[in-house]
Every structure is written in C-alpha cells, then in structure tokens.
Amino acid sequence: MLCDDCKEKPASVHITKIVNNQKTERHLCDSCAEKAGELSFSTEVNFAFQDFLKGMMGSSFAALPQHKSEAACPSCGLTYGDFGRSGKIGCGECYTVYGDRLEPLLRRIHGTSCHTGKVPRRGGGKLALRQRLRQLKGDLDRHVSREEYEQAARVRDEIKALEGRISAEKG
Amino acid sequence: MTIENLLDKPLSPWMKGGGPDEDIVLSSRVRLARNLEDVPFPGRADGQTLAAVAGEIRKSVGDLGAADKHVYMFVEMDKLPQLERNVLVEKHIISPHHADDDGHRALVVRDDAAVSIMVNEEDHLRIQCLVPGLNLQEAFALANRVDDLLEAKHTFAFHESAGYLTACPTNAGTGMRASVMLHLPALVLTSQINRIVAAATQLGLAVRGLYGEGTEAIGNIFQISNQITLGHSEQDIIDNLQTIARQVVQQERVAREALTKKSADALADRVWRAYGVLCYARSISGQEAMSLLSEVRLGIDLELITGVEAAVFNELLVTTRPNFLQKIAGREEISPGERDRLRAQLIREKLKEGKPDA
C-alpha cells in the first residue's frame, strides 16, 4: 500500500480516527506521518518551551524597555535579551549578573528561589553548614508544633553547636 | 567491552526486569544536570572550550570504573555514525538532542548502561542512572555516587540560593529530574488514565507517553517525572515521586482486577488474539507492534498467558524501534516496508523462544 499523501513511499503508519462515530483511515509513510504531526518519535518534550518562558518573563521585560544597549554578562557575553530569545542561560556567572531578574522567574517556575538540596563538598563547606542549620530550624519548628519537647531540646542544642561552629569559622 | 557490544545487545539491566513492582514499573531513572564552574554552558561555549570540557571529563572515567568495578567507556559522539547514535536514543542511553549534531559531545557509559553521562548536551554533564522496577532510591544513590566521584575532581557551578546552576532555569537547584516508566494498559482500557494524569499533574509531576506526545501513549507506556527541581531536597523529590508512582501502580492493579472480574473472557480473547497476530504477522508497523506487545504483556502479568517471559516485552520495546532494526539489518538504508517485515520476523523469533501453555 502506498502512502496516501506522497503516493510514492509505502505506507507504514496506519491511523484510524473515530470522531463522533465517523471513522476515517489514513495510511502514511514515516516522513509524511511526521510531517502531518500524526506521530512523534521524539522522547523529549520539545514544544516551544521558550515561548512559555518568554511569557513568564513578560513582566520583567516590559518593565525594562529602556535597556536597549544592555550590558552583557562579562563572562559569557549573554544579554538578558538573548536569554529571553533562547530561554537558555549562558554560564554560572549569569545567575549572579542577572540575579535580581532571574530570582522572580525561578520563583514562578519552582514556587521558590531557595535551594535546599545537595551542596557540593568542594567549596561548599560553609554552605553545607548553613544548609544544615536551615534544616535543623525547620525540624525544631516541627517538633515544637507537635509538642515533642524532648526532641526539640535535642535539636536546639544541635543548632547552638552549629551556630558556634559557623561563627568560629567566620571569625 | 566496546560501544559496539552495547549497541548490538538489546539488553540493559532495566530490560531484564526485576526490581520492585516490575509487573507495572519498567524502570526508574534519575538524571542530574551539572556544569563546570567558570566555563560557559555548552550553548554559549566555543568548540575549543567544549573540547576542553570533554577532555577534562575523560580524565575521570578511570575513577568511575575503579569505584564500582564496572568498565566505563568514553565515546566521542562525532566518531559514531548517526544510526548508532539513534540506537543509543532508542535504548534510553542518550537524549535525542545529544544525538543531533556535533558540538564536541561525548558519552561516558557503564558497560551495563545503568550509568550514562552525556557530556556537552544542554549542560556540561547530564548524569543518568537507570534501574529496573520502582526503585528511585537506588537510581538516586547511584547517580549521587557518580556525582560525588566527579565532584572530587571538578568544581561545579553552584550558587547558594539557586543551587546547581544549569542552562535552563527549569533545572536549577538540585538539577535533578527523576522519572518512572510505567506500563498502564488497564488504566487505559478502563478510560481512567486521564484522571490519573490530571491528578499527577496537580501534584507537581509531569506525565507523558513514551515516544510520543499527548495522552495517547504508544504501547500504554507512560513516564511520570518531577517538574520542580528547586526548593525541595533530592530526597523529598524522590519520596514524592515514589509515593505517587506507588499509588498509580495500585490504581493499575485495581483496574486489572476489575477487568479480570468483569470481562475475563473478552480480556483473554483480546490478549490471545494479540499474541496470535504477533506470532504470525509477516509485516507489522512500530505502533501496532507496541500496542499488541502491551496487550500480550498484560496477558502475561494476569497469568492468562503462561510460559512466556514478561521481560520479552521490555526487550522488544527497544529491538522493534526503527533504528535498532536497521542496525540489525546491517545496511545503511532499509525501506519502511522492509523494516516492517524485519520487525515482524524479529517478534516471531523472540516469541518462539517461549512456548505458551495455551
């Protein structure tokens, strides 16, 4: 059977659609099927994600129309406009350079802009301590609200010890 | 061990089955996105920089092997023909994007393909671990260990509040995308799948069909993954996904039971017909193969068909994909018609290995 569309290649995709009891059949070759959008062989979600992102950044863009000759990231040369077009950040430095504009975007995407997960051991020593401190404070609140005073006292002592360590490292 | 072995053999550990809830959960996967500090991300880096990144990572391949007694290979993608890259995509070892063009992309892959690291994809590193069954904990432990080993030599771009820095802000924070691949034929048959998809979406997870968009998944296979990567710890994300996946598994079990009770005869007829077509078809499209294989697998899981290994289904999911078939054919070009014939032949041969107790 030849492809219904190009009438050249053999049909390899057979589509039966039933809409309101109306049955239609189409027989297409791989390339025509892909063109017709009947089948996608991609495993990744690949829709125009940038368009969404642009929408999400809309307000921050609108607020900054005067930035025509906007400064670029000194490390990779990305401007915020470039980011708006591609949806991709250029380098780690961009997160600092565009920090105040990325922060609301991260909050819109993730509901928060504050990382609470893994911290790299290398160069993350102090950070890891502060992260642990945040975790412990959360634990303390939880224990207090559940009236688990024994555990709360233990966590409080741990917090004190940790705070001591952090200030000693600062000094 | 060469990349050829990995390409020719259909079996990765997840395809052999095993693992918790293996009758419904095909595999669990964890992916970590990482970038080297002070180096532009792949999208903004020049060729020389990317080559240097690949060179740096190459130096760590030995460390990985020494740590877990497996062999790790380093493959430069531009040395691999397009067809072989596509096979790696079909085997879920790399992303379609990574197979696309040559930007000094490379792949580090463990001999059993349970660990793979894409180098210079959207981020400098995408560490990916794939294990059979519902076992996100193990997949995460594996990915975390690989991350630690790499981190011992390389400094990753990290920010106190934004976490691990990634090219796309949707991955920032943990850089972690965890997912489970589920076979949900009964939820589809009983038209409950949309309800499940809606519920999972409301709980902050993404659901999509395998090899396809939209809710109509080919072969009734769905992937559920976390959407949010920032603000929750890796463990919380894993626990959340694991809990919801377990709920979906439970729902699928209930639907299977209901089907068995209410329409046992129709169901038995359906799965045996599917088995019959697969056993005797001389030409079969990829999509038809997937949906019939799904029914046969359901029949095996419900013990309507006995004597045939369930893992056959997992294997055929990969070996009946177009690029893998072409690789087996060993020729540059095969026509779609020839491919459909080859697919039918491969399925017939595989099903012959196990004789069902009809």
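Residues numbered from 1 in each chain as written. Chains lettered and ligands numbered in written order. Predicted model: local features only at pLDDT ≥ 70, side-chain atom pairs only at ≥ 80, totals over all residues. Heavy atoms only, no water.

Enquirer: Break down the interface of chain A and chain B for me, citing the residues and quoting the values.
Expert: Taken together, the contact pairs 45 residues of chain A with 52 residues of chain B. For the pairing of chain A and chain B, the buried interface totals around 4100 Å² over both sides, and the portion due to carbon and sulfur atoms is 57%. Three residues, His 110, Lys 118 and Arg 122 of chain A, lead the burial of chain A against chain B; their summed loss comes to 18% of the area buried on that side. Across the pair Lys 118 of chain A and Asp 147 of chain B runs a salt bridge whose closest N-O atoms are separated by 2.6 Å. Linking chain A with chain B are 15 residue pairs in polar contact (both at pLDDT 80 or more), by the criterion used here. Counting only elements with at least two residues in the side of chain A that touches chain B, the list comes to strand E1 (13-19), helix H2 (49-62), helix H3 (80-86), helix H4 (92-97), helix H5 (99-110) and helix H6 (125-145) of chain A. The element best represented in the side of chain A that touches chain B is H5 of chain A, accounting for four residues. Of the residues contributing to the side of chain A that touches chain B, the split by class is 20 nonpolar, 16 polar and nine charged. (Contact = heavy atoms within 4.5 Å. Buried area = accessible area lost by both parts, 1.4 Å probe. Salt bridge = Lys/Arg side-chain N within 4 Å of Asp/Glu carboxyl O. Polar contact = N/O pair within 3.5 Å; in protein donor to acceptor, adjacent residues only side chain to side chain. Helix = DSSP H or I, 4+ residues; strand = E, 2+ residues; numbered from the N terminus. Nonpolar A, V, L, I, M, F, W, Y, C, P; charged D, E, K, R; others polar.)

Enquirer: I'd like a rundown of the sheet that holds strand E8 (residues 176-183) of chain B, residues and numbers included.
Expert: All names here are of chain B. Read from one edge to the other, the open sheet built from eight strands follows the order E2-E3-E4-E5-E1-E8-E10-E9, with strand pairing classed as antiparallel. Edge positions in the sheet fall to strand E2 (72-76) and strand E9 (205-209), since each of these pairs with one other strand and no more. When strand polarity is set aside, the average angle formed by the axes of neighbouring strands in this sheet is 20°. Looking at chain direction, strand E1 (residues 25-34) and E8 are connected through seven bridges and run antiparallel. The partner of Arg 31 across the bridge, within E8, is Arg 177. Where helix H6 (residues 136-151) meets the sheet, it contacts E1, strand E3 (106-110), strand E4 (115-119), strand E5 (125-132) and E8, and its direction lies at approximately 25° from that of E1. Contacting E1, E8 and strand E10 (221-226), helix H12 (residues 311-319) crosses the sheet at an angle of about 50° to E1. (Pairing = 2+ DSSP bridges. Axes fitted to C-alpha atoms, helices over the stretch in contact; angles between N-to-C directions.)

Enquirer: Could you give me a rundown of the pairing of E3 of chain B, with the residues and numbers involved?
Expert: Residues and elements named next belong to chain B. Counted residue by residue, E3 has five buried out of five residues, so it is predominantly covered. Residues Ala 106, Val 108 and Arg 110 point to one face of E3 and Leu 107 and Val 109 to the other, with burial holding for every one of them. One ladder, built from five bridges, connects E2 with E3; its direction is antiparallel. When the bridges of E3 are listed, Val 75 appears paired with Leu 107. (Buried < 20%, exposed > 50% of the residue type's maximum accessible area, 1.4 Å probe, protein only.)

Purely geometric stuff here, so don't read any function into it on its own.
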